[in-house]
Amino acid sequence: MIRLQVKSVLDQCFLQGVAEGIWSDAGEGKYTVELPKHEGQGDFSSNIALLLAGIEKQNPRQIAAKIVEKLILETELFDRVEIAGPGFVNFFVNSNVWRGLIPHIMAEGSQYGRSEIGSDRKVMVEFVSANPTGPLSIGHGRQAILGDSIARLLEATGHNVYREYYYNDAGRQMRVLGESTRARYLELLGEKSEFPEDGYQGEYIVEISQSLVDEKGDSLKDHRDVTVFKEQAEKFIFKGISSTLKRMGIVFDNYYNERSLYDDGYIDDVVSQLREKGYVYEKDNAVWFKTTEFGHEKDRVIIKSSGEPTYRLPDIAYHREKFRRDFDWLIDIFGSDHIATVPDVMAGVEALGYDPAKVTVVLHQFVTLTRDGKQVKMSTRKANFITVDELLDVVGVDAVRFFFMMRKADSQMEFDLALATRQSQENPVYYVQYGHARICSILRQAAERGVERVVVDTVDMSLLQEPEELNLLKTMSTFPTMIENAALELAPHKMIFYLIELASQFHSYYNKHKVLTDNVGLTQARLSLVESLRVVMKNGLDIIGLTAPEKM
RNA sequence: GCCCUCGUAGCUCAGGGGAUAGAGCACAGGAUUCCUAAUCCUGGUGCCGCAGGUUCGAAUCCUGCCGGGGGCACCA
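Residues numbered from 1 in each chain as written. Chains lettered and ligands numbered in written order. Predicted model: local features only at pLDDT ≥ 70, side-chain atom pairs only at ≥ 80, totals over all residues. Heavy atoms only, no water.

K.L.:
Which parts of the structure should I look at to understand the overall build of chain A?
P.N.:
Counting its regular elements, chain A contains 21 helices and 15 strands. Oriented by its inertia axes, the alpha-carbon framework of chain A measures out at about 90 × 65 × 40 Å. The buried share among the 552 residues of chain A stands at 50%. As presented, chain A carries roughly 25900 Å² of accessible surface, and 47% of it is formed by carbon and sulfur atoms. (Helix = DSSP H or I, 4+ residues; strand = E, 2+ residues; numbered from the N terminus. Buried < 20%, exposed > 50% of the residue type's maximum accessible area, 1.4 Å probe, protein only. Areas by Shrake-Rupley, 256 points an atom, 1.4 Å probe, with all protein chains shown as cover.)

So, in structure tokens, the structure goes:
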């Protein structure tokens with residue numbers, strides 16, 4: 001927020017220069033005000049002179065000098081402004097400006113860092129979308145956490161967020177699931193059965209079959225139709241999935257069943273719409289979608305010669321429904337195995353007259369599973385995956401959420417349950433939470449020692465002289481901007497790295513300086529500082545769905 | 001063969017046009033009569049995969065190559 005003050009002063013200065021004819025307005029909006037990497041380069045730094053020099057073909061340091069001349073009048077905000085290196089303009093902000101952040105944060109409380117930049121825009125985040133063939137695996141876990149934390153960040157920035165889970169409980173996969181369940185059922189009854197060659201081998205199938213034995217005894221022994229078995233399996237598996245999601249703190253607004261697209265006639269609708277617009281033709285008894293009209297290499301089949309649609313058609317119809325439900329922004333979280341379907345769906349969206357720019361696809365790389373140092377190919381069918389529930393059992397919710405948020409979506413993750421168990425104790429989530437708990441402990445101590453707290457406005461903040469204190473304030477001041485960036489870039493890992501940095505600065509400070517001192521004024525000032533710091537930590541943890549313990 | 005994506009310290013990963021490229025882990029040593037040692041302090045490491053190009057300036061953008069992963073069906 002203080003960066004924005006600096007930026008606006010610089011903007012005025014730039015416009016003044018334009019008015020005076022010193023430089024043209026070609027550089028407008030191109031220069032930046034940033035936090036320099038190294039000490040001695042000020043609190044903020046701008047490349048404005050370097051940029052204008054390029055445009056005006058002048059010496060950057062001379063341009064910088066003209067800028068500084070105009071700026072120097074702003075004495076309240078800056079201690080000094082320097083020209084450095086090839087022509088950077090470095091701003092040294094008055095310490096009192098930083099100190100002023102404390103009462104500001106205290107006044108904002110749980111609102112500090114949150115904003116309304118989303119202007120209540122309706123956003124749908126679609127994620128997980130696993131078909132009910134088995135419990136959620138590690139890979140789904142990553143997607144679940146990624147999607148949910150993106151949704152949370154968007155909520156924190158004033159978006160109206162809707163979480164949706166899209167699934168398909170029809171088709172071959174589900175039939176095999178039903179057959180697998182029946183086979184296990186017959187086994188449990190001691191009957192002869194043939195387990196399907198590509199059946200689901202997981203232990204959970206046995207549990208489902210057992211539940212059928214418990215409920216129906218052997219009455220299903222001669223059922224040739226697998227529907228009963230399939231439905232029981234689906235019911236069980238969905239119950240498991242939603243309870244796993246709930247354990248992770250994730251609740252969906254809606255589960256959207258692909259089958260309803262057929263029941264409501266939307267599939268046929270889409271085909272006839274595409275046909276009307278001339279994007280569809282028949283060949284070899286199949287119906288083709290002219291994706292070549294959208295720059296693709298070849299056309300794609302949307303209805304097979306058997307009369308069944310390919311997966312593309314419902315995907316397109318589903319996206320049409322998303323648009324028709326009047327969302328301003330559609331976010332799809334997919335694993336990298338869905339890469340190929342994205343262009344087809346986008347072409348469909350465009351063909352139907354909707355704006356593909358409203359769709360953002362977040363692709364995340366896979367989690368690769370290793371056992372005993374060897375990579376294992378995960379498969380629900382072969383049941384050699386690690387479930388999210390197992391992970392939650394050994395590691396706990398906060399550590400799991402943190403673990404999956406730590407890496408940006410497009411980096412691959414290696415996963416080893418033994419390693420994760422061992423490392424759960426050293427998960428950085430505890431480092432951050434411990435920072436929060438430590439501050440709470442200081443505040444408790446203060447109360448126990450009978451330190452009387454005064455109103456924040458009457459505290460003499462100028463007693464905060466230590467560089468560590470000012471640095472903490474500087475980091476705290478970037479919190480709102482960091483959240484905006486994390487939200488709009490759909491990058492929850494930015495919050496994680498910020499919180500680790502903030503905690504690190506605090507732990508150092510804690511070890512070097514005492515908050516509770518013999519000096520009454522200084523104690524008050526430091527208590528105010530750590531109290532506002534606690535607010536920032538708490539808000540940060542809250543926003544991405546982590547707890548902020550008061551004791552550890 | 002074509003498309004997408006990643007390649008940064010021994011390992012796991014940040015940084016994604018800006019000045020001297022960072023953190024954690026691992027390794028070694030040290031800190032607690034005093035607010036929680038789940039903490040802190042000190043110690044060094046990099047042809048930023050390779051080669052070109054764009055730019056005042058490239059780990060960052062573009063092209064090609066190499067390597068890992070994913071995809072390229074009238075499977076989902």
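K.L.:
I tried to follow the pattern of salt bridges on my own but got confused; where do I start?
P.N.:
A side chain with one charge may pair with a side chain of the opposite charge, provided their charged atoms come close. Overall, the coordinates contain 28 salt bridges when judged by the stated rule. Across the salt bridge formed by K474 and D43, the nearest N and O atoms sit 2.6 Å from each other. One end of the pair, K474, is in helix α18 (residues 467-477); the other, D43, is in the loop between β1 (33-34) and β2 (44-46), with 431 residues separating them in the sequence. One salt bridge connects D389 with R247, and the closest N-O pair in it is separated by 2.8 Å. Here R247 lies in helix α9 (residues 227-247) and D389 lies in helix α14 (residues 388-395), a separation of 142 residues in the sequence. Look at D389 and you get partly exposed, because its relative accessible area is 23%. (Salt bridge = Lys/Arg side-chain N within 4 Å of Asp/Glu carboxyl O.)

K.L.:
Whenever I open this one, the nonpolar core confuses me. Can you help?
P.N.:
Soluble globular proteins tend to pack their nonpolar side chains together in the buried interior. L154 and L245 are the most contacted members of the largest nonpolar core, which totals 128 residues. Of the residues forming this core, the biggest block, 10 residues, is contributed by helix α21 (residues 520-543). Excluding anything up to four places from it in sequence, L245 contacts V128, L136, A144, Y165, I250, F252 and Y255. Counting 31 residues, the second largest nonpolar core, distinct from the first, contains Y166, V271, V342 and L352. (Core = buried A, V, L, I, M, F, W, Y, C linked by side-chain atoms within 4.5 Å. Contact = heavy atoms within 4.5 Å.)

K.L.:
How do you make sense of the protein's contact with RNA strand B when you look at a structure like this?
P.N.:
In the neighbourhood of RNA strand B, 59 residues make up the surrounding shell, with K304, R407, Y431, Y434 and S441 lying closest. Among the atoms of RNA strand B close to the protein, meaning within 4 Å, 62% are from sugar or phosphate groups. Listing elements by their share of the surface near RNA strand B, those giving two or more residues are β4 (88-93), β9 (286-289), β10 (300-303), α17 (428-448) and α20 (493-512). Residues of the surface near RNA strand B, tallied by class, amount to 22 nonpolar, 21 polar and 16 charged. (Near = heavy atom within 4 Å. Nonpolar A, V, L, I, M, F, W, Y, C, P; charged D, E, K, R; others polar.)

K.L.:
It is not clear to me how unusual backbone geometry should be interpreted in this structure. Could you clarify?
P.N.:
Excluding glycine, most residues fall at negative phi; most peptide bonds, likewise, are trans. Even without being a glycine, S119 presents a positive backbone phi close to 45°. For S119, the position within the fold is in the loop between α5 (101-108) and β5 (122-126). In this model, V128 sits at a positive phi of 65°, which is unusual for a non-glycine residue. Along the chain, V128 turns up in the loop between β5 and α6 (138-156).

K.L.:
For this particular structure, what's the right way to read the sheet that holds β9?
P.N.:
Two strands in a sheet stick together by hydrogen bonds in their backbones, pointing the same way (parallel) or opposite ways (antiparallel). With antiparallel pairing, the 3 strands of this open sheet are ordered in space as β8-β9-β10. Two strands close off the open sheet at either side, each with one partner strand: β8 (280-283) and β10. Direction aside, neighbouring strands of the sheet carry axes that sit 45° apart on average. Relative to β10, β9 runs antiparallel, the two sharing 3 bridges. Bridge pairing in β10 links F289 to R300. Sheet strands in contact with helix α11 (residues 266-276) are β8, β9 and β10, and its direction is about 100° off that of β8. Helix α12 (residues 312-324) contacts β9 and β10 of the sheet and is inclined by roughly 80° relative to β10. (Pairing = 2+ DSSP bridges. Axes fitted to C-alpha atoms, helices over the stretch in contact; angles between N-to-C directions.)

K.L.:
Quick question: what am I supposed to make of the sheet that holds strand β12 (residues 359-364) here?
P.N.:
Read across the sheet, 5 strands follow the order β7-β6-β5-β11-β12 without closing on themselves; strand pairing throughout is parallel. Pairing within the sheet leaves two strands with one partner each, and these edge strands are β7 (254-257) and β12. Direction aside, the axes of adjacent strands within the sheet are offset by 25° on average. As defined by bridge partners, β5 adjoins strand β6 (residues 160-167) across 5 bridges and the pair is classed as parallel. Residue pairing in the sheet places V125 in a bridge with R163 of β6.

K.L.:
How should I be thinking about α11 in this particular structure?
P.N.:
It helps to recall that an α-helix has 3.6 residues per turn; residues three or four apart then point in one direction. Looking only at α11, the buried set comprises Y266, I267, V270, V271 and L274. Each buried residue of α11 sits inside an arc of 145° when the element is viewed along its axis, so together they form one side. Opposite its buried face, α11 presents the exposed residues D268 and E276, each directed more than 90 degrees away. Positive phi shows up at G278, right after α11, with a value of about 80°. (Arc of directions from axis to C-beta.)

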